[in-house]
Amino acid sequence: MKRILLKISGEQLGGKSGHGFDVEVAKWLAKEVEEAIQMGAQMAVMVGGGNFVRGEEIANGDIDRVTADNAGMLSTLINAILLGDVFKRAGVPVAVLSNVSAPQIADDFTYRRALNHFSKDRVVILAGGTGMPLVTTDTGAVMLALQLKCDVVAKATKVDGVYVEDPIENPKAHRLESLTYDEAVTNQNIRVMDKAALGMAGDNHLPIVVFELRKDGNVTKIVRDEKIGTKIG
Ligand code: UDP
């Protein structure tokens, strides 16, 4: 795999509590990503924002959904710049590009800028999702992976793939090794990514690998195209 878009949720960046920003998780991630880069992969990292704000959760009679989603997008920017600093400190060359315009904080995302950073062996951390409300960073991940011609979206999760039942609630639930886009979109028990993201990936034949993040070496396994987690495609 030459170019990979890694999607990390805010909850994962929040570590054990799932809230705030856990520097130890970020340091560990820098190491994982660096190993992938040393193998010759180009890496984009799309960060979520659920450790601070998920629009759907805070929208109510007083806060409009669009405002709530804007707050959610800002929370991805917080994660992206913090992660960017941790990567830099760890010696991983990095650039943060944002689909929410905040020029004092990060450069705006453009296709050409991202390609330029890749050509200089920098990890590209992507903030702001799609830059539009009413969707999530999963949709942003698929959209940007398509734009950047990534070979795969690596969707990091807490468990080692897609289960039809929640494996935390039912330890006997079995993991699917692979599934088609159609199954992923139509099976309402499969909630690993939002349906819009899965539909867009399917329309464009973009493979998705759902894998367990916090296992040493899993990112490099994706680079080597080893069988890991669940492949949607
Ligand atoms: N968001 C949005 N448009 C996007 C991406 C994200 O409006 O293109 C908002 C939305 O409110 C979402 C929040 O940002 O809930 C944080 O993103 P997400 O829920 O995907 O984060 P994750 O669950 O991956 O941490």
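Residues numbered from 1 in each chain as written. Predicted model: local features only at pLDDT ≥ 70, side-chain atom pairs only at ≥ 80, totals over all residues. Heavy atoms only, no water.

Caption draft 1: Looking closely at the side chain of T220. For T220, the location among the structural elements is in helix α9 (residues 218-223). For T220, a relative accessible area of 7% translates into the label buried. At 2.8 Å, the side chain of T220 and the backbone oxygen of G217 are in polar contact. When near neighbours in sequence (up to four residues on either side) are disregarded, T220 contacts E35, A36 and M39. (Helix = DSSP H or I, 4+ residues; strand = E, 2+ residues; numbered from the N terminus. Buried < 20%, exposed > 50% of the residue type's maximum accessible area, 1.4 Å probe, protein only. Polar contact = N/O pair within 3.5 Å; in protein donor to acceptor, adjacent residues only side chain to side chain. Contact = heavy atoms within 4.5 Å.)

Caption draft 2: Local environment of the sheet that holds strand β5 (residues 123-127). If you walk across this open sheet you meet the nine strands as β4-β3-β5-β2-β1-β6-β10-β11-β9, and the pairing is mixed. Looking at strand neighbours, the two that pair on one side only are β4 (107-108) and β9 (178-179), the edges of this open sheet. Relative to the sheet, helix α5 (residues 111-119) contacts β1 (3-8), β2 (42-47), β3 (94-98), β4 and β5, its axis offset from that of β3 by approximately 170 degrees. Along the sheet face, helix α6 (residues 137-147) touches β1, β2, β5 and β6 (152-157) and points at about 170 degrees away from the line of β1. (Pairing = 2+ DSSP bridges. Axes fitted to C-alpha atoms, helices over the stretch in contact; angles between N-to-C directions.)

Caption draft 3: Looking closely at the site of the ligand. Surrounding the ligand, one finds 21 residues, the nearest of these being G10, D69, T130, M132 and T137. Here an oxygen atom of the ligand sits 2.6 Å away from a polar atom, N or O, in the main chain of G10. Measuring from an oxygen atom of the ligand, one finds a side-chain N or O atom of R54 at 3.1 Å. Alone, the ligand offers 520 Å² of accessible surface; in the complex the protein occludes 94% of this. Examining the composition of the shell around the ligand, we find that three residues originate from one element, helix α4 (residues 65-89), more than from any other. In terms of residue class, the shell around the ligand is built from six nonpolar, twelve polar and three charged. (Near = heavy atom within 4 Å. Areas by Shrake-Rupley, 256 points an atom, 1.4 Å probe, with all protein chains shown as cover. Nonpolar A, V, L, I, M, F, W, Y, C, P; charged D, E, K, R; others polar.)

Caption draft 4: The side chain of Q42, seen in detail. Tracing the chain through its elements places Q42 in strand β2. Looking at Q42, the relative accessible area reads 13%, which means it is buried. Those residues in contact with Q42 that sit more than four places away from it in its chain are K2, R3, I4 and F118.

Caption draft 5: Seen up close, a nonpolar patch on the surface. Nonpolar side chains collect at one region of the surface, where F52, I78, I81, L82 and I105 lie side by side and expose about 380 Å² of accessible area between them. Summarising the element assignment, L82 is placed in helix α4. For L82, a relative accessible area of 33% corresponds to the partly exposed category. (Patch = residues over 30% accessible without salt bridge, like charges linked within 9 Å, V, L, I, M, F, W, Y side chains within 5 Å. Salt bridge = Lys/Arg side-chain N within 4 Å of Asp/Glu carboxyl O.)

Caption draft 6: Summary view of unusual backbone geometry. Residues other than glycine seldom take positive phi values, yet D121 does so here, at roughly 60 degrees. Examined against the element boundaries, D121 turns out to sit in the loop between α5 and β5. By relative accessible area, which is 52% here, D121 ends up exposed. The residue D225 is not glycine, and still its phi comes out positive at about 60 degrees.

Caption draft 7: Representation of the pattern of salt bridges. Following the criterion strictly, the structure yields twelve salt bridges and no others. The partner of K7 in a salt bridge is D138, and the shortest N-O contact between them spans 2.9 Å. One end of the pair, K7, is in strand β1; the other, D138, is in helix α6, and 131 residues separate them in sequence. The salt bridge involving K31 is made with E32; its shortest N-O contact spans 3.7 Å. Looking at K31, the relative accessible area reads 38%, which means it is partly exposed. Among the residues examined, E32 registers a relative accessible area of 2% and is labelled buried. Residues joined in a network through salt bridges with shared partners are K7, D138 and K155.

Caption draft 8: Seen up close, α5. The complete set of buried residues in α5 reads A114, H117 and F118. The buried side chains of α5 occupy one side of the element, clustering within an arc of 100 degrees when seen end-on. Exposed residues on α5 whose side chains face more than 90 degrees from its buried face are R112 and S119. Residues of α5 that are buried sit in contact with β1, β2, β3 and β5. Two residues or fewer after α5 comes D121, characterised by a positive phi angle close to 60 degrees. (Arc of directions from axis to C-beta.)

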